[in-house]
Amino acid sequence: MSADDARRFVTLADAAERADRQDRELAENRLSNALAAYGTTSLRPQLVAELADAEARVLIARRFHNDAVRDTRVAYASTCSLAPPRGTAPLPQYFEISERTTAAAVPEGITVDTSRTSARVVMLDEEDRVLLLRGHDPKIPNTYFWFTVGGGLERGEHLRAAAVREIEEETGFKVAPENLRGPLWRRVAIFPFDGELIRSEELFFATRTHGFEPVFQGHTELEQRAITGHRWCSADEIRRLAKSGEPVYPLDLANLLVEAATIADGSEDPEVRSIR
């Protein structure tokens, strides 16, 4: 990317961030259109993956917002038909943003090798610590990251059944399906792994259990090469791992543990919301 292109994107991004509510939609679309028009073939694969991931998350957020606006307006209309409305709060407004027509919101010039849906689980012990696995890309053996238990759905498999299966395969621990709360979060990630670019739509469950020592008995050959350890982590320990240069996914997990604990201890499945 040239210095002129970089300055142009910074200017557009700054304008979008500083725009008033009534002007934000236009400013956001100017930035989105500029990014969509920019050829990505000259960028490093990791930057392309991060750009695609960010774009996907923006589109998810817009869709969730507009769904909420629609439901609110329907509820308001139903209420008004029964009784005069009270209060003066304005109705929420839809937010439209430019959206690519290419599949999976992947930038031009890059091809996703694999698209999958994954069931992931926030397993919490009595001290609100979450079980994390440590791994690396087999192609990049010295760069480590941490992630929650879970994996891709098999053909014809339901999401909750996949979560139960992944827990047993990756930890040796058996969880009853009814003890999983969720899904509570949805995350779309696009990342390189083992020489492929993968788009993963991840849906997260939460469950409360006691601390235990995982038994890795169901790992595939690839997982055996990629997964190197595990740890029960508090929010502060997650932050320390990230600060040490080993990122934890999802990226906001340290701040999300309180929410996950509340849901895991409840009896109702929450509405799914987007995270990064």
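Read on for an overview of the structure. It should be emphasised that the depicted structure is a prediction, and the values quoted were computed from it without experimental measurement. (Residues numbered from 1 in each chain as written. Predicted model: local features only at pLDDT ≥ 70, side-chain atom pairs only at ≥ 80, totals over all residues. Heavy atoms only, no water.)

1. Considering the pairing of strand S1 (residues 114-124)
Step number 1: In this structure, S1 lies alongside strand S5 (residues 196-208), joined through eleven bridges in parallel fashion. Note that in S5 the partner of Thr114 across the bridge is Ile198.
Step number 2: Bridge count between S1 and strand S3 (residues 144-152): four bridges; the pairing is antiparallel. Paired with Arg120 across the strands is Gly150, a residue of S3. (Pairing = 2+ DSSP bridges. Helix = DSSP H or I, 4+ residues; strand = E, 2+ residues; numbered from the N terminus.)

2. Focus on the pattern of salt bridges
Step number 1: Under the definition given, this model contains 17 salt bridges.
Step number 2: Residue Asp128 is joined to Arg208 by a salt bridge in which the shortest nitrogen-to-oxygen separation is 2.6 Å. In this pair, Asp128 is assigned in the loop between S1 and strand S2 (130-136) and Arg208 in strand S5, connecting sequence segments 80 residues apart.
Step number 3: With a relative accessible area of 35%, Asp128 lands in the partly exposed category.
Step number 4: The salt bridge involving Glu202 is made with Arg187; its shortest N-O contact spans 2.9 Å. Placement of the pair is Glu202 in strand S5 and Arg187 in strand S4 (residues 181-193), with a sequence separation of 15 residues. (Salt bridge = Lys/Arg side-chain N within 4 Å of Asp/Glu carboxyl O. Buried < 20%, exposed > 50% of the residue type's maximum accessible area, 1.4 Å probe, protein only.)

3. A few points about the nonpolar core
Step number 1: Grouped together as the largest cluster of nonpolar side chains are 22 residues, with contacts concentrated most on Val122, Leu124, Val130, Leu132, Trp185, Ile238 and Leu253.
Step number 2: Secondary-structure elements contributing two or more residues to this core are S1, S2, S4, S5, helix H6 (235-243) and helix H7 (253-264).
Step number 3: Counting residues per element, this core draws most heavily on H7, which supplies eight residues.
Step number 4: Ignoring any residue separated from it by four or fewer positions in sequence, one finds Ile238 in contact with Val130, Leu132, Cys233, Val248, Leu253, Ala254 and Leu257.
Step number 5: Ranked by size, the runner-up nonpolar core spans 20 residues in total, among them Val121, Leu159, Ala163 and Phe173. (Core = buried A, V, L, I, M, F, W, Y, C linked by side-chain atoms within 4.5 Å. Contact = heavy atoms within 4.5 Å.)

4. Re unusual backbone geometry
Step number 1: Gly182 connects to Pro183 through a cis peptide bond whose omega is 5 degrees.
Step number 2: Cis rather than trans, the peptide bond between Tyr249 and Pro250 has omega equal to 0 degrees.
Step number 3: Along the polypeptide, Pro250 turns up in the loop between strand S7 (248-249) and H7.
Step number 4: Of note, Asp128 is a non-glycine position whose phi angle comes to about 65 degrees, a positive value.
Step number 5: Positive phi is not limited to glycine here, since Asp194 has a value of about 55 degrees.
Step number 6: If you trace the backbone, Asp194 turns up in the loop between S4 and S5.

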